[in-house]
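A closer look at the structure
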Amino acid sequence: MKVVVDQKLCEGNTKCQQTAPEVFEVRDDDKSHLLIDNPPERMREKVKLAAKLCPRQAITVSDD
Amino acid sequence: METESALSLESLNIIGPDHYAKNGYPHREWTYLRKHKPVFWCEYPKTDPFWAITKHADIIQISKQPRLFLNGPRLLVFVNEMGLERSPTPPFRHLLDMDPPDHGEYRAVVSRRFTPRGVRPLQPEIENITRQVLDDVTGRDKCDFVLDVSSKIPLAVIAELLGVPHKDWEQLFRWTNETIGGGDPEFQAGTTAQETMDRSRLGLFQYFTDMVVERMKHPANDITSVVANGKVNGQPIPQFEMLSYYFLLVVAGNETTRNATTGGLLAFIEHPDQWQKLKRNPELIDSAVEEIVRWTTPVIQFARTATEDTVIRGQKIKAGESVCLFYPSANRDEEVFEQPFKFDIGRDPNPHIAFGLGEHFCLGANLARLELKVIFSQLAQRLDHAELAGPVERLRSSFVGGIKHMPIRMKMKPAAAAA
């Protein structure tokens, strides 16, 4: 599973970090950063939920 | 709710401003459309035709594709009446009618002021403002909740953010009323809606023109300075776009939060059990705020225009046709919300889309949430009793669901006693 955060869209709303703190971290630049580039398969549901809840729709999840 | 048999696709009207002034939101009609015709072609007099989109999933699908569905060609659906004529060129150019890639560049100029981290330092000031506004009505047994409370707080907050001095707040308040409420007789200071809106916009433009000159010379820690000295694609912001930016911030920062606050208190008056629940469980404030925002959904609609032929829920949409996104309808969607017509401050999950989604997600959402949190926390502590003392007067608009006046009888405790 491949996760990408569009840094131009992200505005640090922190929904992703609240949903999947193992994968996303919002830092001082008010942007979400990936803690793991290819999260393990067992986290798929959580990561997809984070992408769905992102107010800016800045997260894409694809198979890889 | 009346039976739906009284409704038919031929006769229902979901865009006429008179309906909104008289009855509030047409939830009965939207419910009917969600069930029978969720993508519905509308042709009304004096209105360019549009597709009415009423389902939660469809509004999300459209909002996620900002290059297929543009804001620029048609910002919202409005009725050409009372001298309201669509001008060949829009009288402003700001985030609401920009599209990618410009939209993102312009938005980035101020967006860090509105992130969760950006708005957090504002909390003490918002608490002070709210306390003072509530102090001013303490001891009275009646007030107009709109004029005396709900309009004052967001106005003071956005004025502070922009660095507008206190003496000019009343003027700012008039301009924003006239801009949004130009179609309502109460706010028509000119002879037509168009003249009223033009004059208020030009007033705001002139006001900020003077302020920009000053802030370029002496930047302060306010958003006026951020925009005045901001860069887009490495260049200073052109004057027309700059003035439009202030215009947007003033209007958007005022109207929506005011109406969520008024509509929120009205919901609590109509659901006293929920009011008691919040008073007993102050930790529910965050979910209460989300439910107030879902319940009131102050922005009724924005439009998008398709750049190429596409399909929504099996319905073909042709390039150049507009879709009108009815957010309050999406937030009552039976497929998404359990008991959507129940006002429940503990609702969880609450995936409402009152702030929109994606490219144009409300820039001020975090600020609005913080304001509502402070306001309803303090009200829950201090407002011992509230009931309607007269009719609720609604704004004649099918764009923003406004309450102009809401007389209440009440008992407000002093802050000290509440602490």
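Worth saying up front: this structure is predicted, and the values here are computed from it rather than measured. (Residues numbered from 1 in each chain as written. Chains lettered and ligands numbered in written order. Predicted model: local features only at pLDDT ≥ 70, side-chain atom pairs only at ≥ 80, totals over all residues. Heavy atoms only, no water.)

Here the focus is the sheet that holds strand 7 (residues 301–306) of chain B. All names here are of chain B. What the 5 strands build is an open sheet, ordered 1-2-10-7-3; its pairing is mixed. The open sheet has two free edges, formed respectively by strand 1 (39–42) and strand 3 (69–70), since each of these has just one partner strand. Bridging between strand 1 and strand 2 (residues 50–53) involves 4 bridges; their strand directions are antiparallel. The residue of strand 2 that forms the bridge with Trp-41 is Trp-51. Contacts from helix 3 (residues 56–63) reach strand 1, strand 2, strand 3, strand 7 and strand 10 (322–326), with the element oriented near 125° to strand 10. (Pairing = 2+ DSSP bridges. Helix = DSSP H or I, 4+ residues; strand = E, 2+ residues; numbered from the N terminus. Contact = heavy atoms within 4.5 Å. Axes fitted to C-alpha atoms, helices over the stretch in contact; angles between N-to-C directions.)

It is worth spelling out the sheet that holds strand 11 (residues 383–388) of chain B at this point. The strands making up a sheet associate through backbone hydrogen bonding, with each pair oriented either parallel or antiparallel. Residues and elements named next belong to chain B. Sheet architecture is open: 3 strands sit in the order 4-14-11, paired in antiparallel fashion. This sheet does not close on itself; its edge strands, each paired only once, are strand 4 (142–144) and strand 11. Between one strand axis and the next, the sheet turns through 35° on average, direction left out of account. Pairing between strand 4 and strand 14 (residues 407–412): 3 bridges, direction antiparallel. From the neighbouring strand, Asp-144 faces strand 14, where its bridge partner is Pro-407. Sheet strands in contact with helix 12 (residues 239–270) are strand 11 and strand 14, and its direction is about 90° off that of strand 11.

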